[in-house]
Protein chains: 2
Amino acid sequence: MLSDVEIAQAHTPEPIADIARRAGVPDEALIPYGSTKAKVDITKLDWSGKDGKLVLVTGVSPTPAGEGKSTTLIGLTDALTQLGQRAVVALREPSQGPVMGIKGGAAGGGYSQVVPMEDINLHFTGDFHAIAAANNTLAAIVDNHLQQGNTLDIDPRRITWQRCLDVNDRALRGVVTGLGGKAHDVPRETGFTITAASEIMAILGLATSLEDLKARLGAITVGYTYAGKPVTADDLNAAGALTALMKDALNPNLVQTLGGSPAFVHGGPFANIAHGCNTLLATRTAMKLGDIVLTEAGFGSDLGAEKFFDVKARFGDLDVAGAVVVTTIRSTKYNGGVARADLGTEDVDALRAGVANLERHVENVRKFGVTPVVCVNLFTGDTEAEREFMRDWASDFGVALAESEVWAKGGDGATELAELLLDNFSEGTSKQLYSTEGGVRESIETIAMEIYRADRVEYSVKALKDLADIETNGWGDMPVCISKTQYSFSDDPAQLGAPTGHVLHVRELLPRTGAGFIVVLTGDVMTMPGLPKKPSSENIDVDANGKISGLF
Amino acid sequence: MLSDVEIAQAHTPEPIADIARRAGVPDEALIPYGSTKAKVDITKLDWSGKDGKLVLVTGVSPTPAGEGKSTTLIGLTDALTQLGQRAVVALREPSQGPVMGIKGGAAGGGYSQVVPMEDINLHFTGDFHAIAAANNTLAAIVDNHLQQGNTLDIDPRRITWQRCLDVNDRALRGVVTGLGGKAHDVPRETGFTITAASEIMAILGLATSLEDLKARLGAITVGYTYAGKPVTADDLNAAGALTALMKDALNPNLVQTLGGSPAFVHGGPFANIAHGCNTLLATRTAMKLGDIVLTEAGFGSDLGAEKFFDVKARFGDLDVAGAVVVTTIRSTKYNGGVARADLGTEDVDALRAGVANLERHVENVRKFGVTPVVCVNLFTGDTEAEREFMRDWASDFGVALAESEVWAKGGDGATELAELLLDNFSEGTSKQLYSTEGGVRESIETIAMEIYRADRVEYSVKALKDLADIETNGWGDMPVCISKTQYSFSDDPAQLGAPTGHVLHVRELLPRTGAGFIVVLTGDVMTMPGLPKKPSSENIDVDANGKISGLF
């Protein structure tokens, strides 16, 4: 069997200028990066005219079995293109750090990939590096302010702004900086996150224009004064320079699928510490160009999809016309209690138990005013009895279901799904789950009850203090971005399936005043991954002609 | 008076594809980055055929008055183009960190600039970010090795590999990493350099092909075992992944001058901790395309030029056909003892005293087998008597001299200089100052006596230990890269002019086994700058159309 990189390298992509022209990008708006990648200059696009229909692709609670959500997204786009639709896909940029850590790409797989996959996984058009440059320039400005007299009276113990790098480097989680004496700044304890977890990544994801980008960058809270007053990037006169560092990154990246559909791959915020969607500008650009735009959100309906509707669609005033919930027979069995090693064995009873997880994700999507269809992404070894069970369940539950084989067949493997999707559009019905007028606490509790099906929410002493500070600082009307394990609807990763009667434990709240949301921590959240015992970087190589091998 | 950025923005550049075609770059080798920047794919160039003549532009010992070496380099190239020569310029990429710190561009000035200057100064084609990614991936791999059992027995106290960022951030000079407990790596003291000071920048500068790049990356020494044995990137199986991260960065960047000459802007190693020249591949590419190639080296003949000949030209087997020593009347007076505030006052006696500095730089260039011409870069306020003194001096000293006005007039301001250069070429005469066969100590002493005119060299106890270790580890045949103040021929920055009878103090030696040279420290060397009280980042802004202001 060919690897992903081998399949991608065997394919001859169309010139990106041809893809762009066919998609309707004006020549003067196209900024090529080589012959297969480009950025689209948002200041040179025609923003008048009708928007295409937007479709969200989400999934069940992720399992170690893998659901193939991105692969389905890409294959489904190619299926729609084959049916004569002007379909465009928008998805997140992969983070380079994990590429060096654990095998597994983030640009689809098999015959449903976006290409050039090596470039997309390594540097791409430099967006992550631009974010790190802006992030770390701001950090240097903060520490320099301490060193140069600290006229703003910043408390070094309360600087919340961390540095970042797109590297899996656990040694940078906790660091002391400023060592070496008086000439070398003020010693203090701090840390690095991975670039995808930087607030500037979230800002890139939500900005609607260069001016909006600058306003959001200026509104970043970097820490607090000794008196407890927030200090922003604007207080440090940093917003102009940060915007200069970010201005090219703001333009969406255009590539293509293996089936020749236009693909915007732009922005990659984490779905735990941030909202986990590609950029709003990529989605909007795609909607100006395509008749149907398919996009994704990280993890299941409880995380990425909830934030997609309540954060991204709220800020971007997006109408969502359809949705797909991706599942597999293997992951349904896993959610029904089958051990990972036994997932290859036929087990209809386990499906019967595990389908409760899928049901709840379908119900959750409906709460946002959208009619989802279910996609069963087939794997080798799925049996006829298991497939029949899923079809029967869908019929009983009252949801449209199609099977797909996108990894092996590309767009040809999603024709039925594409037709089903076309039959299930609605317009003008999508909505947010909560109004922000009730305040942060009410927003948390609405999500906990409605989406997670918790009985109640418990707050730590620290969380209650944070809630009070948020009110004092005037941030109470921001939407929330709950950081919770992706493996369970509850905050306990071991509670698979569809748990009820649980309690959501809120530990801490982190205001992200630039992004414009409040992060709500319900457990340990990892913002800087580490490398495994044998990093996948050890497999990567380059030949004398620049051809990369060993990348997935 | 218009600022540099205003002059650059008022200019309409030619499409880079046209510049490339005129320069003889095959279409299939051109990788556009937008319409005004490109990379040239070295694997798709025709490397057969004749080389153009190579000219090194160097200068006197730098002074606070500024000599305009890069500006002269660019203006001279345009003057040669105007004279009908196929002239190409190769110069270093600016570092982004200092752009945010102290006003002052690194892409020429006035009407002798390379454009697009905003892009060149910010991110450009991402080379610096690729270096930081490779550098920091290697750092993560080293720390991960400690965490995962340390089978190589690396001594955490003797890890020499530091992390890097292209930010002026003094707080990162000294850090402790790995805090937080057992799950978060091994605590140890380390630091960050600015990206330009990373050994990987030096490697990019000297690599001759992708294979050579991989070999050099693998040969990096990251630290030592408890038994004192060097540990390399190859020992950690890192070279393939690092090469994958660096493969695009290895391709030279093509832009243009305001006069429409092709300009390769590629690589930016520091001239103290490294060799201070643009990449060997950029120089070689320019030589395949142009009849005359002009290039620069950092600081004066004692630093950049010496390393240009003894490191870059040695590794690259380059023949140098001509050289220009750039000076100004103001900097000659400064070297003659005039205070900075008084440089505007006519002072022929000070010129008479200060010209000794210029004489020595001319003599130094001749020691490498090349016949230099002197360029007096005119400033407003230079008087006729002062200019006459310089012309008379040149006639007496026996060196060709021309005045230039490149800042104000572009190529028109260097016609006489260009003609003089064309009259002074020699071929096949350039050479290195020393053979490496005599060992590191002999190389240091040859440079100290011949170029710095020191009486002798004194070694610290640490330096003697380092010399012994270098022999033990088999690195004794590497050329040296002496890190010395740029302000004086001696290691004391206060000794201006042409000091003699001084002693060179060698404090420490740093093997750079990937780059292939030994760094010799003779004083404090700053590898991570800081920001000033009011960083120039505070002036930078972007309008709604993406136009940058306040950048120089």
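Criteria and thresholds
- Residues numbered from 1 in each chain as written.
- Chains lettered and ligands numbered in written order.
- Predicted model: local features only at pLDDT ≥ 70, side-chain atom pairs only at ≥ 80, totals over all residues.
- Heavy atoms only, no water.
- Buried < 20%, exposed > 50% of the residue type's maximum accessible area, 1.4 Å probe, protein only.
- Helix = DSSP H or I, 4+ residues; strand = E, 2+ residues; numbered from the N terminus.
- Right-handed = clockwise from strand over helix to strand, strands pointing away.
- Least-squares fit on C-alpha atoms with pLDDT ≥ 70 in both.
- Contact = heavy atoms within 4.5 Å.
- Core = buried A, V, L, I, M, F, W, Y, C linked by side-chain atoms within 4.5 Å.
- pLDDT = per-residue confidence, 0-100.
- Buried area = accessible area lost by both parts, 1.4 Å probe.
- Salt bridge = Lys/Arg side-chain N within 4 Å of Asp/Glu carboxyl O.
- Polar contact = N/O pair within 3.5 Å; in protein donor to acceptor, adjacent residues only side chain to side chain.
- Nonpolar A, V, L, I, M, F, W, Y, C, P; charged D, E, K, R; others polar.
- Pairing = 2+ DSSP bridges.
- Axes fitted to C-alpha atoms, helices over the stretch in contact; angles between N-to-C directions.
- Domains from an automatic or database assignment.

Draft legend 1. Representation of the pairing of strand β19 (residues 401-404) of chain B in the model. Where burial is concerned, the two faces of β19 of chain B agree: the one with Leu-401 and Glu-403 of chain B and the one with Ala-402 and Ser-404 of chain B are both buried. The handedness of the strand β18 (residues 372-377) of chain B to β19 of chain B crossover, carried by helix α14 (residues 384-397) of chain B, is right-handed.

Draft legend 2. Looking closely at the relation of the copies chain A and chain B. The operation relating chain A to chain B is a screw motion whose rotation component is 180 degrees, with 0.0 Å of axial translation and a residual RMSD of 0.0 Å. Considering both components of the superposition, the chain copies are consistent with a two-fold axis. Closest approach to the rotation axis within chain A is made by the C-alpha atom of Tyr-33 of chain A, at a distance of 2.2 Å. In this assembly the copies share their binding face: 100% of the residues contributing to the interface of chain A also contribute to that of chain B.

Draft legend 3. Spatial organisation of the nonpolar core. Judged by nonpolar contacts, the single largest core of 144 residues is most densely connected at Met-246 of chain A together with Met-246 of chain B. Aside from chain neighbours lying at most four places away, what touches Met-246 of chain B is Ala-130, Ile-131, Ala-134, Ile-200, Leu-204, Leu-213 and Leu-217 of chain B. If you look at the next biggest cluster of nonpolar residues, it comprises 74 residues, including Ile-16, Phe-308, Val-325 and Ile-518 of chain A.

Draft legend 4. Looking closely at the confidence of the model for chain A. On average, residues of chain A score 96 in pLDDT, and 99% of them reach the 70 mark or higher. For this predicted complex, the interface score ipTM comes out at 0.96, while the overall pTM is 0.97.

Draft legend 5. Representation of the interface of chain A and chain B. The interface of chain A with chain B comprises 64 residues on the first partner and 64 residues on the second. For the pair chain A and chain B, the summed buried surface comes to about 5500 Å²; carbon and sulfur atoms form 61% of the total. Put simply, chain A and chain B have six salt bridges between them. A salt bridge links Asp-541 of chain A to Lys-214 of chain B; the shortest N-O distance between them is 2.7 Å. In this structure, the connection of chain A to chain B is made through 32 residue pairs in polar contact (both at pLDDT 80 or more). At the level of elements, β1 (30-33), α6 (127-147), β8 (163-165), β9 (175-177), α8 (210-218), α9 (239-246) and β25 (541-542) of chain A are the ones that each hand at least two residues to the side of chain A that touches chain B. Here the side of chain A that touches chain B takes ten residues from α6 of chain A, the largest share from any one element. Looking at the side of chain A that touches chain B residue by residue, the class counts come to 30 nonpolar, 21 polar and 13 charged.

Draft legend 6. A look at the sheet that holds strand β24 (residues 517-521) of chain B. Residues and elements named next belong to chain B. Overall, mixed pairing links the three strands, which are arranged β21-β24-β23 in an open sheet. Of all the strands in the sheet, just β21 (480-483) and β23 (508-512) have a single pairing partner and so form its edges. Neighbouring strand axes in the sheet, compared pairwise and without regard to direction, differ in orientation by 20 degrees on average. Against the sheet, helix α18 (residues 461-472) engages β23 and β24, with an angle of about 30 degrees to β23.

Draft legend 7. Highlighting the side chain of Ser-404 of chain A. Assignment of secondary structure puts Ser-404 of chain A in strand β19 (residues 401-404). Excluding its chain neighbours within four sequence positions, the residues that come into contact with Ser-404 of chain A are Cys-375, Val-376, Asn-377, Leu-378 and Gly-413 of chain A.

Draft legend 8. Representation of the domain arrangement of chain A. Residues and elements named next belong to chain A. Taken domain by domain, chain A holds domain 1 (4-125 + 249-423), domain 2 (127-246) and domain 3 (437-522). Counting residues at the interface gives ten residues for domain 2, matched by nine residues for domain 3. Between domain 2 and domain 3, roughly 740 Å² of surface is buried when both sides are summed, and carbon and sulfur atoms account for 50% of that area. There are six residue pairs in polar contact (both at pLDDT 80 or more) connecting domain 2 and domain 3. If one sorts the elements of the side of domain 2 that touches domain 3 by residue count, helix α7 (residues 199-206) sits on top with four residues. Residues belonging to the side of domain 2 that touches domain 3 are distributed by class as follows: seven nonpolar, one polar and two charged.

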